[in-house]
Amino acid sequence: MANNVAIRTQGLVKFYGDFKALHGVDLDVQQGEIFGFLGPNGAGKTTTIRCLLDLIHRSGGEVSVLGIDPQDDPEAVQARVGYMPGELHLDESLTAEGLLRYFNALRGKRADWSYISELAERLSLDIKRPIRNLSHGNKQKVGIVQTLMHKPELVIMDEPTQGLDPLVQQEVLRMLKEQQAEGATVFFSSHIMSEVESIAERVGIIRGGRMVEVADPRTLGARGLHRARVRFIDSVDVSKLSRLKGVEILSQDNGQEVYLELEGEIDPLIKELAKYKVSGFETERPSLEEVFLAYYEN
């Protein structure tokens, strides 16, 4: 494996009995990047992640994590990774502090306790409280702290911000950026398009156990729909605009204002509008969510 690749899968296959959950997933994640992994429930995100750590055995294909096949030496991989599962199960007989101290002991006390306290404070997590008395969101915070507290080389998180309020979600994203700034690779799955779009340098879309696309979020966004509101000084025949490839007129006001949708490149529309006296032009950038949903519609 190339030295600059943190995660690589080639032809990754996973069966659950007769059900084929992964159909030959090919994926490369570069060292030092933040990679967003998108897909709805049942698409194969969690199965892929569990295969990366050998929490479940793959049925076929090749996997390399930090240069190691996790099936050959899962302990060596897990020692260098911070992992947060999508379904978090914590020992409710302990306090949050007791659980974090336990995890730190398992890792040879690699984490500085002052750093653990700092992470908890930033998330407004009271670590003195018993796990059983914590809300779902606060249990999620415990999971985030245990994932990041030892500053791992590779951070793998499955839906890390679910159940958190928006302000805490933003704090978690800042923490992931800080991990990257210190040299870590971050690989996380999410349903929240805006958070993936805000920090991921590349995103992978998985559907039905197959990789649909891996690309820059901005590149994916550029492939979506453009919507534009145009105001003209004089009334125009908007039917001429509707003849442009990919243009659909959504509404108009006596030919002096038109709201339209464009699929594809926006340049032909700009050139057509140059023929008229335009007093106003507003566009809406497509969201990654629109692009994501388009893959499933097609």
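The structure we're discussing is the one just above.
From a predicted model like this one, the values you see are computed outputs, not experimental measurements.

K.L.:
Quick one: what's the story with the sheet that holds strand β4 (residues 60–65), residue by residue and with numbers?
P.N.:
If you trace the 3 strands from one edge of the open sheet to the other, you get β2-β1-β4, paired in antiparallel fashion. The open sheet has two free edges, formed respectively by β2 (19–30) and β4, since each of these has just one partner strand. Taking each pair of neighbouring strands and ignoring which way they run, the sheet shows an average axis angle of 15°. Seen against the sheet, helix α1 (residues 45–52) touches β1 (5–16), β2 and β4 and runs at an angle of roughly 115° to β1.

K.L.:
For the packing of aromatic side chains, give the residues involved together with the corresponding values.
P.N.:
By the definition in use, this model includes 4 aromatic pairs. Between Phe232 and Tyr276 the ring centres are 5.7 Å apart and the planes differ by 75°, which places this aromatic pair in the edge-to-face class. Here Phe232 is found in strand β10 (residues 225–232), whereas its partner Tyr276 is found in the loop between α10 (267–273) and β13 (278–284), with 44 residues between them in sequence. On the accessibility criterion, Tyr276 (21% relative accessible area) is partly exposed. Put simply, the rings of Phe35, Phe37 and Phe187 pair up and form one aromatic cluster.

K.L.:
I'd love a proper account of the environment of Tyr259, names of residues and values included.
P.N.:
With respect to the element layout, Tyr259 can be found in strand β12 (residues 257–263). C-alpha separation for the pair Tyr259 and Glu284, spaced 25 residues apart in sequence, amounts to 11 Å. In this view, Tyr259 contacts Arg227, Ala228, Arg229, Ile249, Leu250, Ser251 and Glu284; residues no more than four positions away in its chain are not counted.

Reading the values: the criteria
Residues numbered from 1 in each chain as written. Predicted model: local features only at pLDDT ≥ 70, side-chain atom pairs only at ≥ 80, totals over all residues. Heavy atoms only, no water. Pairing = 2+ DSSP bridges. Helix = DSSP H or I, 4+ residues; strand = E, 2+ residues; numbered from the N terminus. Axes fitted to C-alpha atoms, helices over the stretch in contact; angles between N-to-C directions. Contact = heavy atoms within 4.5 Å. Phe/Tyr/Trp six-rings, centres within 6.5 Å; stacked < 30°, edge-to-face > 60°. Buried < 20%, exposed > 50% of the residue type's maximum accessible area, 1.4 Å probe, protein only.

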